[in-house]
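Understanding the architecture of this molecule
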Amino acid sequence: SRLQLEDWQQIPRTLSLQVAGKADLGRLTPVLHQNGLLPSAETIAGRGSFDVELAGREDGRQTAVVNVDIAHASVRREGTVLVADEPFHFNSSLQGKLLTGDIDFDSVSLQFAPLSVQARGRLQRTGEKPDFFLTGEVIPDFSSLAALLNNLYGTDIRAVGNQPET
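Residues numbered from 1 in each chain as written. Predicted model: local features only at pLDDT ≥ 70, side-chain atom pairs only at ≥ 80, totals over all residues. Heavy atoms only, no water.

A word on the packing of aromatic side chains
As a reminder of what qualifies: Pairing of aromatic rings covers Phe, Tyr and Trp, the last through its six-membered ring, and needs centres within 6.5 Å; plane angles under 30 degrees mean stacked, over 60 mean edge-to-face, and all others mean tilted. Working definition: helices are DSSP H or I runs of at least four residues, strands are E runs of at least two. Numbering for both runs from the N terminus. Classification of residues uses two cut-offs on accessible area relative to the type maximum, computed with a 1.4 Å probe and protein chains only: under 20% is buried, over 50% is exposed, and between them is partly exposed.
The tally for this structure, following the rule as stated, stands at two aromatic pairs. With 5.8 Å between their ring centres and 70° between their planes, F88 and F112 make a pair best called edge-to-face. With F88 in strand β5 (residues 80-96) and F112 in strand β6 (residues 103-112), the pair connects residues that are 24 residues apart, well separated along the chain. With a relative accessible area of 23%, F112 lands in the partly exposed category. A centroid spacing of 5.9 Å and a plane angle of 85° characterise the contact between F105 and F132, whose relative ring orientation is edge-to-face. Of this pair, F105 sits in strand β6 while F132 is found in strand β8 (residues 131-140), placing the two residues 27 residues apart along the sequence. Residue F132 is classed as partly exposed on the basis of its relative accessible area of 46%.

Points about helix α2 (residues 142-153)
What counts, and what does not: A helix is expected to reach a length of 1.5 Å times the quantity of its residues less one. In what follows, a contact means two residues having at least one pair of non-hydrogen atoms within 4.5 Å.
Over its 12 residues, α2 extends 16 Å from the first C-alpha to the last, a length consistent with the 16 Å expected when each residue adds 1.5 Å. Contacts made by the buried residues of α2 are with β5. Positioned one or two residues after α2, G154 has a phi angle of 65°, which is positive.

Points about the side chain of T29
Definition in use: Each polar contact in these results corresponds to two N or O atoms within 3.5 Å; when the atoms are within protein, one needs to be able to donate a hydrogen and the other to accept it, and residues that are neighboring in sequence are counted only if both atoms are side-chain atoms.
With respect to the helices and strands, T29 occurs in helix α1 (residues 25-34). Side-chain polar atoms of T29 contact the backbone nitrogen of I44, separated by 3.3 Å. Those residues in contact with T29 that sit more than four places away from it in its chain are L38, E42, T43 and I44.

What to know about the confidence of the model for the protein
Rule in force here: A residue's pLDDT is simply how confident the predictor is in it, with values from 0 to 100.
Across the protein, pLDDT averages 88, with 92% of residues at or above 70. The spread of mean pLDDT over the elements of the protein runs between strand β1 (residues 2-4), the lowest at 64, and β6, the highest at 96.

Describing the pattern of salt bridges
Convention followed: A pair is scored as a salt bridge if a Lys or Arg side-chain nitrogen falls within 4 Å of a carboxyl oxygen belonging to Asp or Glu.
Under the defined criterion, the tally for this structure stands at seven salt bridges. R77 is paired through a salt bridge with E42; the nearest N and O atoms lie 2.9 Å apart. You can see R77 sitting in strand β4 (residues 62-77) and its partner E42 sitting in strand β3 (residues 42-56), a full 35 residues away along the chain. E42 gets classed as buried once you look at its relative accessible area, which sits at 10%. Residue D102 is joined to R122 by a salt bridge in which the shortest nitrogen-to-oxygen separation is 2.9 Å. Placement of D102 in the loop between β5 and β6 and of R122 in strand β7 (residues 115-124) is noted, with a sequence separation of 20 residues between them. Overall, the relative accessible area of 16% leaves D102 in the buried class. Residue R122 is classed as partly exposed on the basis of its relative accessible area of 23%.

Listed below in structure tokens is the structure:
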């Protein structure tokens, strides 16, 4: 991690922060159970890494870049494999008043076997009608998506193809 202040003699108007880390997802399972974020019958495994870059600007807004990579991700429910050995990648570049105001997502990218997403959008938290929207392209891998849904919900969905949607 790196913390950078431009002038130690003045209250900082801008702040730059970089954080990176790695995790064994199996070791996170008990923590996720304790906090109610993962059902007790499910376990996760895999290796994950993340990095976050955050920078303040003179105008009071901030910019951020977030990257998350998970290798060999798997999810099991009572011994039954729901997701096996899947890579997962998430990346986003955003700007705005990240803690209190509106946020513009310059890019959002998600790569996961059943789904690929490339988008941009906005989280509007101010005004009379808060709103969140993304516009872009979603490419589902229907056979992987059907297999995931079948494992999660015990259904017998059959689908093939990968038609992009905008």
